[in-house]
Amino acid sequence: MKIFPFLAFAGGIFALSHQTAFANDDKTALIEEGRYLAAASDCAACHSIKNKPEYSGGVSFTLPIGIIHSTNITPDVEHGIGKYTEAEFGRALREGIRQDGSTLYPAMPYPSYARLTDHDVHALYAYFHEGVSAAAIPTPENGIRWPFSMRWPLMFWRWAFSPAPAKAQEKTLHEFADAQMARGAYLVEGPAHCGACHSPRGLTMQEKALTASDGTSYLAGGAMIDGWIPTSLRQENRTGLGRWSEQDIVDFLKTGRNMQGESFGAMTSAIVHGTQHLTESDLHAMAKYLRALQPFDQTQPNWVYDPTATNALHKADVSARGAKLYVDNCAACHRTDGKGYPPVFPPLAGNPVVMGKDPASLVHVVQAGATLPKTEAAPSAFTMPDFMHRMNDQQVADVVTFIRHAWGNNASAVSAEDVAKLRKAMPPRNMADGDISLN
């Protein structure tokens, strides 16, 4: 009785089944790695809208050249990226070149994504093609004025300001010898693309610096985006992160709040969709990297708490401009001493946003209100009401001026004309933040 061929056949089936299981395990692990990288890259914040399929696009961004809408990046073959090969996906991601060869608007942060490694691009491709559900939703038409609506000039912009992936990766990956600092640099300069919002831009809208090695303008604070001013992430004492510890930064990226302040603008969306899902190790790497960035503004004096305004309010002296408005509308949460009840209600005393040169963010939050959404590590949400219908432009200017003057903040005054301009420039509540109210 010859049973050897059968045993060989059975053994082959057994080996094949194990190979298939290992292959499936490898594919699942790759997709999950891509899911993590998508969170680190903040993809959902720009490509997802509340109550619509994830990554189906349509988020609106108000730019100096007009309004653009994020695209559908689900694997739908008609409206999404279902027909993209991995090579085409990588070119779009790292070089800003669409499948048809035209250039993407640099609202897509491909100058930062140029730093993504081949392996990370491979993982992202696996995730977006096999871990995301296809959604047959077309992208709305952009509202960009001619001649900016023409895409072919963007090719020259890309040549001038977007680095080749190989050079970008070499620059970032060899920036620091310390492994944790190198990881932080890769995340901040690459996937997280922090500089896309927090670095100043030139006349042609290019980031003035893409990495820490490009100079101190990197992450020194950006231009207004949808009514919000991205703050400096460098070590300025008054307007940057100079008084934040590494743990403060980690807490902020994980929960949107810490003892120093709370998130606002697109940063809230970036935390909810992105950084809250990162590991403690990666968050500490990012924080360590940010703590190493020297101040851009070397002339700033240190902030020192001044109790003058507090003492006056404790004596019922509301003669200062905006003081009575502050007591009636703000002090219940932010206290007469300006120290708030962190991490629930942020301090206004010594807050970098309050002391910034441009008061737009502070004006905006007084006008429109804000919500600090829940995160996995901080499951409570808190809402600040809007005061647009309770205060006129002069009153908003007065209360903002009080906040910017009090407690040692010593920032410039705000006029009713300033407030009126900012009010007219405010986008609808559902733009750029995916219906997430911001603080």
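For clarity, every value in this text was computed on a predicted model and none was experimentally measured.

## Observations concerning the overall build of the protein
- Along the protein, the regular secondary structure elements total 19 helices and five strands.
- A globule of 439 residues ought to have a C-alpha radius of gyration of about 22 Å, and the protein, at 24 Å, matches this closely.
- Along the three orthogonal principal directions, the C-alpha set of the protein runs to about 105 × 50 × 40 Å.
- Scored against the burial criterion, the 439 residues of the protein give a buried share of 53%.
- Taking all contacts inside the protein whose residues are at least 6 apart in sequence as the whole, residues at least 24 apart take part in 66%.
- Taking the 38 positively charged and 44 negatively charged side chains of the protein as two groups, their mean positions are separated by 4 Å.

## Things to note about a nonpolar patch on the surface
- Nonpolar side chains collect at one region of the surface, where Trp152, Phe156 and Trp159 lie side by side and expose about 420 Å² of accessible area between them.
- Mapped onto the elements of the fold, Trp159 is located in helix α6 (residues 154-161).
- For Trp159, a relative accessible area of 55% corresponds to the exposed category.

## Digging into helix α7 (residues 165-173)
- Turning to α7, its buried residues number three or more, namely Pro165, Ala168, Gln169 and Thr172. Here the buried residues of α7 occupy an arc of 95° about the axis, which is enough to place them on one side. The exposed residues of α7 that point more than 90 degrees off its buried face are Ala166, Lys167 and Glu170.
- On its buried face, α7 sits against α3 (86-95) and α8 (179-189).

## A few points about the domain arrangement of the protein
- Domain annotation for the protein reports domain 1 (23-166) and domain 2 (308-424).
- Summarising the inter-unit geometry, the C-alpha centres of domain 1 and domain 2 are found 37 Å apart.

## A word on the side chain of Glu236
- Tracing the sequence through the fold places Glu236 in the loop between α9 (195-198) and α10 (246-255).
- Of the side chains with opposite charge, Arg234 comes closest to the buried, unpaired Glu236, at an N-O distance of 5.2 Å.
- Not counting residues within four places of it along the chain, the set of residues in contact with Glu236 comprises Leu241, Gly242, Pro295, Phe296, Asp297 and Gln300.

## Describing the nonpolar core
- Membership of the largest hydrophobic core comes to 35 residues, with the highest contact counts inside it found for Tyr326, Val366, Val399, Val400, Phe402, Ile403 and Trp407.
- Every element with two or more residues in this core is listed here: α13 (308-314), α14 (323-329), α16 (352-355), α17 (360-368), α18 (393-405) and α19 (416-425).
- The biggest single contributor to this core is α18, with six residues.
- Formed by 27 residues, the second largest nonpolar core is a distinct cluster that contains Tyr55, Val121, Ala123 and Leu124.

## Focus: the layout of surface pockets
- Looking at the second largest pocket, its volume works out to about 570 Å³.
- Around the second largest pocket, the lining is made up of 25 residues, and of these Ala220, Gly221, Thr239, Gly356 and Lys357 lie nearest the centre.
- Residue classes in the lining of the second largest pocket are distributed as 10 nonpolar, 10 polar and five charged.

## Some words on the pattern of salt bridges
- In this structure the tally under the stated criterion is 13 salt bridges.
- Among the ionic pairs, Glu130 bridges to Lys27, the shortest N-O distance being 3.3 Å. A residue pair is termed long-range when its members are at least 10 positions apart, and Glu130 in helix α5 (residues 118-130) and Lys27 in helix α1 (residues 4-40) qualify at 103 residues.
- For Glu130, a relative accessible area of 48% corresponds to the partly exposed category.
- Judged by relative accessible area, Lys27 falls into the partly exposed class, the value being 33%.

## A closer look at the pairing of strand β2 (residues 66-69)
- As defined by bridge partners, strand β1 (residues 60-63) adjoins β2 across four bridges and the pair is classed as antiparallel. Within β2, the residue paired with Leu63 across the bridge is Gly66.
- For β2 and strand β3 (residues 143-144), the ladder comprises two bridges, and the chain directions are antiparallel. Following the sheet pairing, Gly66 is matched in β3 by Ile144.

Conventions used here
Residues numbered from 1 in each chain as written. Predicted model: local features only at pLDDT ≥ 70, side-chain atom pairs only at ≥ 80, totals over all residues. Heavy atoms only, no water. Helix = DSSP H or I, 4+ residues; strand = E, 2+ residues; numbered from the N terminus. Rg over C-alpha atoms; globule rule 2.2 N^0.38 Å. Buried < 20%, exposed > 50% of the residue type's maximum accessible area, 1.4 Å probe, protein only. Contact = heavy atoms within 4.5 Å. Lys, Arg positive; Asp, Glu negative; His and termini not counted. Charge placed at Lys NZ, Arg CZ, Asp CG, Glu CD. Patch = residues over 30% accessible without salt bridge, like charges linked within 9 Å, V, L, I, M, F, W, Y side chains within 5 Å. Areas by Shrake-Rupley, 256 points an atom, 1.4 Å probe, with all protein chains shown as cover. Salt bridge = Lys/Arg side-chain N within 4 Å of Asp/Glu carboxyl O. Arc of directions from axis to C-beta. Domains from an automatic or database assignment. Core = buried A, V, L, I, M, F, W, Y, C linked by side-chain atoms within 4.5 Å. 1 Å grid on protein atoms, 1.4 Å probe; cavity = no way out; pocket = protein on both sides within 12 Å on 5 of 7 lines; lining within 4 Å. Points joined across faces, edges and corners; volume = space filled by probe spheres on them. Nonpolar A, V, L, I, M, F, W, Y, C, P; charged D, E, K, R; others polar. Pairing = 2+ DSSP bridges.

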